[in-house]
Amino acid sequence: MSRFRRLSQTIWHCQYHVVWVPKYRFRVLIGEIAQEVENCVRAFSEQQGGEIVELSIQPDHVHMLVFVPPKVSISNFIGTIKGRTAIRVLNKYRRLKKKPYWDNHFWARGYCVDTVGLDEEMVRKYVKYQEMQEKRSERSEY
């Protein structure tokens, strides 16, 4: 199986490692709340065409390794997941709204994202290989 995914006119491999935290990094992602967050993240990711490779809910942060189609920006993808998850969790667990300073905010602003893909050395080798293949092709034409 190819590591690339397909759309109608595109092949792609857009994989991201994303980390985000609850407001004030409170350690609230445990038990039922952690399970609800996991269910929401998986559901909302799938709705946007994402494919979760790994998902780890820690008491004070979430780690996710995910494929996101190139037609979806990573900021919109994460914004949707964080926003809709916050609404769902705060409605289901109303006691969280009583935490100091929380009101209707479950997640802290922002997130950390890093792309996951070929390493630089592999890309360099590939480019050099393609260059050599092109030169061979040109020589065989004459």
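Up top you'll find the structure we're talking about.
Parameters and conventions
Residues numbered from 1 in each chain as written. Predicted model: local features only at pLDDT ≥ 70, side-chain atom pairs only at ≥ 80, totals over all residues. Heavy atoms only, no water. Buried < 20%, exposed > 50% of the residue type's maximum accessible area, 1.4 Å probe, protein only. Helix = DSSP H or I, 4+ residues; strand = E, 2+ residues; numbered from the N terminus. Pairing = 2+ DSSP bridges. Core = buried A, V, L, I, M, F, W, Y, C linked by side-chain atoms within 4.5 Å. Contact = heavy atoms within 4.5 Å. Axes fitted to C-alpha atoms, helices over the stretch in contact; angles between N-to-C directions.

Sorry, what's going on with the pairing of strand 3 (residues 15–20) here?
Consecutive side chains of a regular strand alternate in pointing toward one face of the sheet and then the other. The element strand 3 is largely enclosed, with a buried count of 5 among its 6 residues. Note: strand 3 against strand 5 (residues 61–67), 6 bridges, orientation antiparallel. Across the sheet, V19 pairs through a bridge with H63, a residue of strand 5. With 5 bridges connecting them, strand 3 and strand 6 (residues 112–116) associate as antiparallel partners. Among the inter-strand pairings, Q15 is bridged to a residue of strand 6, identified as V116.

What should I look at first to understand the nonpolar core in this one?
Grouped burial of nonpolar side chains is what soluble globular proteins tend to show. Counting residues in hydrophobic clusters, the biggest one holds 30 residues, and the most contacted among them are L29, V37, M64, F77 and F106. Contributions of two or more residues to this core are made by strand 3, helix 1 (31–47), strand 4 (51–58), strand 5 and helix 2 (74–92). For this core, the element with the most residues is helix 2, which contributes 7 residues. Those residues within four positions of M64 in sequence are excluded, and the remaining contacts are Y16, H17, V18, W20, V41, I52, E54, L55, F77, I78 and I81.

Could you clarify how one ought to interpret the sheet that holds strand 6 in this entry?
Hydrogen bonding along the main chain pairs the strands of a sheet, whether they run parallel or antiparallel. Read across the open sheet, the 4 strands follow the order 4-5-3-6; overall the sheet is antiparallel. Lying at the two open borders of the sheet, with one neighbouring strand each, are strand 4 and strand 6. On average, adjacent strands in this sheet sit at an angle of 15° to one another, irrespective of strand direction. Packed on one face of the sheet, helix 1 meets strand 3, strand 4 and strand 5 and runs near 160° to strand 4. Its contacts with the sheet put helix 2 on strand 3, strand 5 and strand 6, and the angle it makes with strand 3 is roughly 40°.

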